[in-house]
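Structural overview for review
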Amino acid sequence: EPQDKYDDIYFDSDDETDGKESKKEKQKFKTNDELLYDPNMDDEDQQWMDDLRRTYQSPGSSSGMKNKKKDGLKPLPNSDAVLNCPACFVVVCLDCQRHEIYKTQYRAMFVMNCSVVTDEVMKVPVKTKSKKNKNKNKVVTHPADEFHPVRCDQCKTEIAMYDKDEIYHFFNVVASHT
């Protein structure tokens, strides 16, 4: 027989009722609508997120979200965090790897809601040992260490750098560790 009331153990306390509703009325099961809760929502949200991640994990499929059997899907790789813009909190990356040394930096290949500024080039200076003082003010850069800035599409905050190997290096983000 289906229960329509909670067990008394759930309401075992020394508190007295305030007189507005009886103890038995408080113990009636509430529907999901009354609780403003959907018990399947977490599973549905997780499935939606997995389907979204599969769209760029399995190249060659025009629609990663439709007509796929669960049995034939490879498990998704683990992501170290979900990355958000620090200014507007829009999601910019779902799959990333945390830097081994600099724990607030991440790298990724697939991003969203951000754009590479291709007309700007940033170079990393290389430390050189100068024999004479005349070369002291000269900055030397390695051609392989050229990056393009990456900005949030929503608020234009600079959040990452894009390298020649098509890797995004995030440094100015809010991370939600998974």
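To start, this report covers the structure provided alongside it.

The next point concerns the environment of Phe170. By the element assignment, Phe170 lies in strand β9 (residues 168-170). Take Phe170: its relative accessible area is 1%, and that puts it in the buried class. The residues touching Phe170, leaving out its near neighbours within four places in the chain, are Leu83, Val92, Cys93, Thr104, Gln105, Tyr106, Ala108, Val111, Ile159 and Ala160.

For the rest of this paragraph, the subject is the nonpolar core. Ranked by internal contacts, the top residues of the largest apolar core, which has 17 residues, are Leu83, Cys96, Tyr106, Val150, Ile159, Phe170 and Val173. Elements with a contribution of two residues or more to this core: β1 (81-84), β2 (91-93), β4 (106-108), β7 (140-152), β8 (158-162) and β9. It is β8 that provides the largest number of residues to this core, a total of three residues. What Ile159 contacts, discounting residues up to four positions off in sequence, is Cys85, Pro86, Val92, Cys114, Val150, Arg151, Cys152, His169, Phe170, Phe171, Asn172 and Val173.

Our focus in this paragraph is the side chain of Asp163. On the secondary structure map, Asp163 appears in the loop between β8 and β9. For Asp163, which is buried and forms no salt bridge, the nearest opposite charge comes from Lys164, at a distance of 7.0 Å. A distance of 3.0 Å separates the side chain of Asp163 from the backbone nitrogen of Asp165, its partner in a polar contact. With residues up to four places along the chain from it excluded, the contact list for Asp163 reads Glu146, Phe147 and His169.

What follows concerns the environment of His99. Counting through the fold element by element, His99 comes out in the loop between β3 (97-98) and β4. On a C-alpha basis, the gap between His99 and His169 in space is 9.3 Å, while along the polypeptide they are 70 residues apart. Residues contacting His99, with those up to four places away along its chain left out, are Gln105 and Tyr106. A distance of 3.0 Å separates a polar side-chain atom of His99 from the backbone nitrogen of Ile101.

For the rest of this paragraph, the subject is the pattern of salt bridges. Side-chain pairing between opposite charges can occur once the charged atoms of the two side chains come close. The final tally for this structure, using the stated rule, is five salt bridges. Its salt-bridge partner being Asp95, residue Arg53 comes within 2.4 Å of it at the nearest N-O pair. Here Arg53 is found in helix α3 (residues 41-57), whereas its partner Asp95 is found in the loop between β2 and β3, with 42 residues between them in sequence. For the residue pair Arg53 and Asp95, the accessibility class agrees, reading buried in each case. Here Arg151 makes a salt bridge to Glu120, at a shortest N to O gap of 3.3 Å. Residue Arg151 is found in strand β7, and its partner Glu120 is found in the loop between β5 (114-116) and β6 (122-126); the two are separated by 31 residues along the sequence. A relative accessible area of 23% means that Arg151 is categorised as partly exposed. A single salt-bridge network, built from bridges that share partners, covers Glu120, Arg151 and Glu158.

Summed over the entire model, instances satisfying the criterion amount to two aromatic pairs. Plain terms: the ring middles of Tyr162 and Tyr168 are 4.6 Å apart, the flat faces sit at 50° to each other, and that makes the pair tilted. For the pair Tyr162 and Tyr168, a shared accessibility class is recorded, and that class is buried. Arranged with centres 6.3 Å apart and planes meeting at 20°, the rings of Tyr168 and Phe170 form a pair that is stacked. With respect to burial, Tyr168 and Phe170 carry one shared label: buried. One aromatic cluster is present, formed by Tyr162, Tyr168 and Phe170 through successive ring pairs.

Analysis parameters
Residues numbered from 1 in each chain as written. Predicted model: local features only at pLDDT ≥ 70, side-chain atom pairs only at ≥ 80, totals over all residues. Heavy atoms only, no water. Helix = DSSP H or I, 4+ residues; strand = E, 2+ residues; numbered from the N terminus. Buried < 20%, exposed > 50% of the residue type's maximum accessible area, 1.4 Å probe, protein only. Contact = heavy atoms within 4.5 Å. Core = buried A, V, L, I, M, F, W, Y, C linked by side-chain atoms within 4.5 Å. Lys, Arg positive; Asp, Glu negative; His and termini not counted. Salt bridge = Lys/Arg side-chain N within 4 Å of Asp/Glu carboxyl O. Polar contact = N/O pair within 3.5 Å; in protein donor to acceptor, adjacent residues only side chain to side chain. Phe/Tyr/Trp six-rings, centres within 6.5 Å; stacked < 30°, edge-to-face > 60°.

Purely spatial values, then, with no claim about function.
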